[in-house]
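Next come the chains, spelled out residue by residue.
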Amino acid sequence: MPTNRRRFILQTTAGALTGLASSAALATETHLAEDEPIAVALGYKIDATQVDTATYPKRAGAQGAQQFCRNCSLYRDRGNDVGTCSAIPGKLVAGPGWCNAWVPKL
Ligand code: SF4
């Protein structure tokens with residue numbers, strides 16, 4: 001088999017396996033529900049615009065309104081506007097979500 005063809009097949013197979021592995025990992029992680037104890041403790045909302053800013057003034061005002069999971073330094077994007085959060089292992093959080101542990105990216 002020519003070297004270029006072999007390389008193409010190996011790269012294509014490796015790419016497909018990587019995609020399957022990340023799909024499988026995503027399938028085993030569940031979305032964090034707002035009523036789970038850790039979500040309640042952190043004031044997590046799937047939709048950050050629904051945060052009670054009287055209770056969580058950190059998200060009040062023009063600067064607070066810019067805070068979302070998707071721009072938190074603890075967030076790792078997994079596609080489809082969901083991601084993992086290093087503060088909440090084993091769960092997926094919503095990109096448009098927020099919690100009181102939000103940390104700006106440096
Ligand atoms: Fe979202 Fe950041 Fe809170 Fe995790 S720590 S739930 S990524 S705002």
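So, how was this worked out
- Residues numbered from 1 in each chain as written.
- Predicted model: local features only at pLDDT ≥ 70, side-chain atom pairs only at ≥ 80, totals over all residues.
- Heavy atoms only, no water.
- Salt bridge = Lys/Arg side-chain N within 4 Å of Asp/Glu carboxyl O.
- Helix = DSSP H or I, 4+ residues; strand = E, 2+ residues; numbered from the N terminus.
- Buried < 20%, exposed > 50% of the residue type's maximum accessible area, 1.4 Å probe, protein only.
- Near = heavy atom within 4 Å.
- Nonpolar A, V, L, I, M, F, W, Y, C, P; charged D, E, K, R; others polar.

(A) Spatial organisation of the pattern of salt bridges. This model, assessed by the stated rule, comprises four salt bridges. In this structure, Glu34 engages Lys45 in a salt bridge whose closest nitrogen and oxygen atoms are separated by 3.8 Å. One end of the pair, Glu34, is in the loop between β1 (30-31) and α2 (37-42); the other, Lys45, is in the loop between α2 and α3 (61-64), with 11 residues separating them in the sequence. Looking at Glu34, the relative accessible area reads 32%, which means it is partly exposed. Among the residues examined, Lys45 registers a relative accessible area of 29% and is labelled partly exposed. Close ionic contact of Glu36 with Lys91 constitutes a salt bridge, the shortest N to O distance being 3.2 Å. Of the two residues, Glu36 sits in the loop between β1 and α2 while Lys91 sits in strand β4 (residues 88-94), which places them 55 residues apart along the sequence.

(B) Summary view of the site of the ligand. If you check the shell around the ligand, you find Tyr44, Cys69, Cys72, Leu74, Tyr75, Cys85, Ile88, Cys99, Ala101 and Trp102 and nothing else. Class assignment of the residues belonging to the shell around the ligand gives a composition of 10 nonpolar, no polar and no charged.

Without other data, these values stay purely geometric and don't point to any function.
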